[in-house]
Amino acid sequence: MSGVQFFPVKYRQRNALYEDKSKNHFFSMSEPFVNERMISSLLLMPLLVNTVQGLLNTPQIKAVQGDTKPRRINVTWMDDPSLVGEQLFYDIEIYNTGQKNPVHNDSVKIRPELAVKEWNWSWISPLPLECLQHSARLRVRHDNIVSNWTDLRNVTGPGLYYSSPVDEVKIYPVDDIVMAGSKKMFCCIIPNGKTLKESTYNRAEIKHLTSVGQTYIFELTMQASRAGGDDLVCTPNEGDGEGASVFVGYSPQVHNFTCETRNLVDFECSWRQGKDKNLSGIRATKYTLNGSPVESTGKEGTYRWTISINSNQGEVPWTLTARNDLSETSFVYTANPRHRVYLPAPQTLQASSVNSTNARLEWQWPDANLSSLPMKCEVLRLRHNSEEGMRNATGINLHSVTLHDLHPYTSYLVRVRCAAAEHFWKWGNWSKEVSFQTKEDIPDDVDVWMSVDSNRNIFVVWKKLSVEKSHGNIIAYQLSWGGSQLTFSRTQHCYMGSRISAGNSINITASNSAGPSQPSTIMVPLHQADVETVRVSGSKGAVELSWAQRPAASCGYVVDWLPVNSQHKCDIKWKKIPAGHNSTRIESELKDGVRYTFSLYACTSSGPKLLQKWEGYGQEQVPNEAPRVHAVQDGPDVVVTLNMEILPENQKGFIQGYVLHYSLSSHKDMEQYKREKVWSDETTMQKRIRNLLADKYKFSISAFTSAGEGPAARFDIKLNSQTYQIIVYSTVSLGVIITLVLLTTLLCYQKRTWLKDKVYPDIPAPQLVFSDSKVMYNDQLLKLPAEHVECLMAFPMKINNVNLKVTNGVMHNVYSPLYGNVTDSQQSQAAADDLSPDVVASSFLFDNPTYNRHACVPELVDAPLETTEGYKPQLPIVSSHLDPCSASSYQDLDQCNPLQPSRDSHLESDDYIAVSVVGSPASVSSSQPLLGEPYKYGHGQHT
């Protein structure tokens, strides 16, 4: 009887529920009314049995019930009386029809201090109970002693009918609500004799199924469904299918749960529903606020509920409970109503006391409970549909504010909102917009500028005042200078003043109904120096300009711009830059593809002074005109001449060069073109394409700027074969040469005498002049003293076909002919024998002996006088006679023989003689010697 405890005679133990959510089972126990006698009698019987058999008694199952909606199985059994007060364990197993192994098992521990009770165990099945027959059995364990298992008890209950087969397709569960993201088991039961053909969920086929008899089981991972649920359909191989709706949602979610008051009397709470809003209708989430049901505001997912409060009660908690078929959630919000004031929009807003720069706004509050609340308000001003500024004001029960610094003659739209000043929670609602217009005021100063053209005409231009600067409707502009005054309408903005002289000050004012503006003044400069114009590149419709600081610019700078070659000086634009700045960006009113001239002026006391000029484009474009092209063939080359002299307005950008495409005319594909890019900004240029074959070519030439290529000039050219040209060139050249030769020959022939005198004049031959021509061979005539004779070179000579030889004792047989027509003689004795002493020679022919300092007198041999061909120089006749050589004059008579020269011969003489040995050369037409007087010999002197 160890471990047995006795309880009071009468007591009742409340049901205790134990839940293991991870295993979906519950355990409970109940205690009936007992007394001590009943307990004693019940304890004796099990002890006797245990002693005899050594086993525990099998538990007694009272009932196995099933609840289809939550899929719960409840097992109820009684404890054996003999085990009361012992440490017990009950093992429970759950089976499905057709399965040998249990689908679930569990063990329940019984505390020993509990008396005999009726035990209850619950388990939630993942499979709907309608799908298969479920059975349960159990046993008890104590001190390593185990009882037998009870018999399997089928689960019974409403809706659980397994005895008869179904006559149509059944799907379980039906219209179930499932948590999104969870896994859920479904089944389709098919009538006998049929099989499942297809099962789909939300139109997607279900592929993994397990069949037990006519039941097909599958598990799905659930995704949030539509508000009306998703469809599950099972279709047999014969007959119609069956469908069911599945609702997949979330636990209740609440966002932005806040409570606030708008009048310090009612407290209004609002929140926004979370992802659980996909469930609607009877499955939608239900709310209660501090226990009171809350109805929807009509806007999907948004709720608002109002509760009356006492604004001075301090902090108040508000509990919001959200509940749906999946779960329940509570939220608590605690706040002081005076710290959660959300003011409504001001009412009846209006503008009063409006002048040119000020206006007063007034409004009212819809609830008198706000009269004691400190407030702060802000006024939003809108001008030309854009926000201009905000005006803030504070006060108790604030209901008016004054606006300052308004623009004259301007329309405004205003609205007001307010909030609690002490404990700011959030700004209240905006009031309705109210419009008003301020009154007129005198205009601002007029922005004036001037320009001088090449004819010294002065253009005065001014900018029309905008609405913000005119402060009303402009009536007129007044222009005055040097006592003169002109009035212009409000639409005019330019005046050409040919009567305005340099150095004058020009004043301009604008007038409206409030009066004239302050005058604006500009000085006409005396002279503007020319400056160099440089190029500037723009981008995206803007031009960046910069310059060096100029100390003379005391009041800043002015940059003006005008299209190049514009004929309308009144269209000039300008911009004023404060002193100290040295750059600006021109980005307004620049048209793409238009070249502008930008001029920089220094603002000085004596008028604007030109400092620098630029030319450029706000945005370059491709040229809109093709270049003019002329192409010619030059041998195997093609010379292309380009002319791009077009107006700047047609260039659309600075010409950077040209692009040349060419190919054979037979080529159709552009990829077969040869492309050359020529960088040049000149308007006229030439390009040579070299070494082309004889064929027909097509050319395409276009100019390009930084924006790209413009239209192309296209032309074809045919190159002729060079063989024909070579023949032509050769024939022409040969003809020219022949003509020149003939002309030269003819001219030379006509001028042959003159040309001979100039180029090859006649040189006369030397002549020997004797004193007596009758005594030609006087042996004393040539007798000279040897010591006074300087023997020069010996020359073989021939005088009238008479061979001569000049020798002395110094040099022998040295020949040096000087004239080509005097030929060397052969030594011939016969020739010497033919000479006759009676022959009188009128002249002697030497190899130009007059060019020698002294000539040896030759021996004369008689010979007949004959006329020889060749050159015959004329010499004057000498009056003396030459005697033949004799033995007294020469040591060896043979030495006088010109045909027998001797190396040892010399000329001897005992006396001095003065003779003219050789004459000077004379010209053809004159006998006058060319080289002066002849030599004279005598007394050892010579001249």
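Because the structure is a prediction, the values reported are computed rather than measured.

### Re the overall build of the protein chain
Along its length, the protein chain carries 6 helices and 59 strands. Approximately 50700 Å² of the protein chain is accessible, and the part contributed by carbon and sulfur atoms is 50%.

### Observations regarding the state of the cysteines
Counted by the stated rule, this structure contains 6 disulfides. Each sulfur in the disulfide pair Cys188 and Cys234 lies 1.6 Å from the other. Placement of the pair is Cys188 in strand S13 (residues 183–189) and Cys234 in strand S18 (residues 230–236), with a sequence separation of 46 residues. The exposure class assigned to Cys234 is buried, which follows from its relative accessible area of 0%. The disulfide bridge from Cys555 ends at Cys603, spanning 1.7 Å between sulfur atoms. In this structure, the disulfide formed by Cys555 and Cys603 twists by about -95° around the S-S bond and is classed as left-handed. With Cys555 in the loop between strand S43 (543–546) and strand S44 (557–563) and Cys603 in strand S47 (residues 595–604), this residue pair connects regions lying 48 residues apart in the sequence. Here the bonded cysteines of the protein chain are numbered in sequence order, and their pairing is 1-2, 3-4, 5-6, 7-8, 9-11, 10-12.

### Comments concerning the confidence of the model for the protein chain
For the protein chain, per-residue confidence averages 75 on the pLDDT scale, and 73% of positions sit at 70 or higher. Counted against residues more than four places away or in other chains, residues 29–44, with its pLDDT under 50, gives 38 contacts. Note on residues 772–778: pLDDT is under 50 here. Beyond four places in sequence and across chains, it has 36 contacts.

### Considerations on the pattern of salt bridges
Here the structure, examined in full by the defined rule, presents 21 salt bridges. When the shortest N-O distance is used, the salt bridge between Arg360 and Glu362 registers 3.1 Å. Judged by relative accessible area, which is 30%, Arg360 ranks as partly exposed. Among the residues examined, Glu362 registers a relative accessible area of 27% and is labelled partly exposed. Between Arg595 and Glu615 there is a salt bridge whose closest N-O contact spans 3.6 Å.

### Focus on the nonpolar core
In a soluble, globular protein the nonpolar side chains are often hidden away together inside. Ranked by internal contacts, the top residues of the largest apolar core, which has 29 residues, are Trp449, Val460, Trp462, Tyr477, Leu479, Ile500 and Ile506. At the level of elements, strand S34 (448–452), strand S35 (458–462), strand S36 (476–481), strand S38 (494–497), strand S39 (505–512) and S44 are the ones that each hand at least two residues to this core. Broken down by element, this core gets its largest block of residues, 5 residues, from S35. Among all residues touching Ile500, those that are not within four sequence positions of it are Ile458, Val460, Trp481, Tyr495, Ile506 and Val524. If you look at the next biggest cluster of nonpolar residues, it comprises 25 residues, including Met375, Val414, Ala420 and Phe436.

### Focus: the packing of aromatic side chains
Evaluation of the coordinates by the stated rule reveals 19 aromatic pairs. Between the aromatic rings of Trp462 and Phe488, the centroid separation amounts to 5.3 Å while the plane-to-plane angle is 55°, which identifies the pairing as tilted. Linking Trp462 in strand S35 with Phe488 in strand S37 (residues 484–489), this pair joins segments that are 26 residues apart in sequence. Exposure class is identical for Trp462 and Phe488. Each is buried.

### Quick word on a nonpolar patch on the surface
Together, Val728, Tyr729, Val732, Val736, Leu740 and Leu743 make up a nonpolar patch on the protein surface, roughly 560 Å² of accessible area in all. Inspection of the secondary structure puts Tyr729 in helix H4 (residues 722–750).

### With respect to the pairing of strand S29 (residues 374–383)
For a regular strand, the rule is simple: side chains alternate between the two faces of the sheet. Counting buried residues in S29 gives 9 out of 10 residues, a clear majority hidden from the surface. Across 10 bridges, S29 lies against strand S30 (residues 386–396) in antiparallel orientation. Each bridged residue has a counterpart across the sheet, and for Lys376 the counterpart in S30 is Thr394. In this antiparallel pair of consecutive strands, S29 and S30, the connection spans 2 residues, and His384 shows a positive phi of 55°. For S29 and strand S32 (residues 411–420), the ladder comprises 8 bridges, and the chain directions are antiparallel. Within S32, the position partnered with Leu380 by the bridge is Arg415.

### Quick notes on unusual backbone geometry
Here the bond from Tyr172 into Pro173 is cis, since omega is -5°, no more than 30 degrees from zero. Considering the arrangement of structural elements, one finds Pro173 in the loop between strand S11 (170–172) and strand S12 (176–179). Notably, Leu264 is not glycine yet its phi reads approximately 65°, a positive angle. Within the secondary structure layout, Leu264 lies in the loop between strand S20 (254–261) and strand S21 (266–273).

### Topic: the sheet that holds strand S31 (residues 400–403)
Strand order in this open sheet of 3 strands is S27-S28-S31, and the pairing throughout is antiparallel. Of all strands in the sheet, those with a lone pairing partner are strand S27 (347–352) and S31, marking the two edges. Going across the sheet, the axis of each strand differs from the next one's by a mean of 15°, ignoring polarity. In this sheet, strand S28 (residues 359–364) lies alongside S27 in antiparallel orientation, the contact comprising 4 bridges.

### Considerations on the environment of Asp592
Position of Asp592 relative to the elements: it lies in the loop between strand S46 (583–586) and S47. Look at Asp592 and you get partly exposed, because its relative accessible area is 39%. When the C-alpha positions of Asp592 and Gly653 are compared, they lie 9.2 Å apart, and in sequence the two are 61 residues distant. In contact with Asp592, not counting residues within four places along its chain, are Gly541, Gln619 and Gln621.

### Concerning the side chain of Thr285
Mapped onto the secondary structure, Thr285 falls in the loop between S21 and strand S22 (286–289). For Thr285, a relative accessible area of 4% gives the class buried. Contact partners of Thr285, with chain neighbours within four places excluded, come to Pro252, Gln273, Asp276, Tyr303, Ala322, Arg323 and Asn324.

Procedures and definitions
Residues numbered from 1 in each chain as written. Predicted model: local features only at pLDDT ≥ 70, side-chain atom pairs only at ≥ 80, totals over all residues. Heavy atoms only, no water. Helix = DSSP H or I, 4+ residues; strand = E, 2+ residues; numbered from the N terminus. Areas by Shrake-Rupley, 256 points an atom, 1.4 Å probe, with all protein chains shown as cover. Disulfide = S-S within 2.5 Å. Buried < 20%, exposed > 50% of the residue type's maximum accessible area, 1.4 Å probe, protein only. pLDDT = per-residue confidence, 0-100. Contact = heavy atoms within 4.5 Å. Salt bridge = Lys/Arg side-chain N within 4 Å of Asp/Glu carboxyl O. Core = buried A, V, L, I, M, F, W, Y, C linked by side-chain atoms within 4.5 Å. Phe/Tyr/Trp six-rings, centres within 6.5 Å; stacked < 30°, edge-to-face > 60°. Patch = residues over 30% accessible without salt bridge, like charges linked within 9 Å, V, L, I, M, F, W, Y side chains within 5 Å. Pairing = 2+ DSSP bridges. Axes fitted to C-alpha atoms, helices over the stretch in contact; angles between N-to-C directions.

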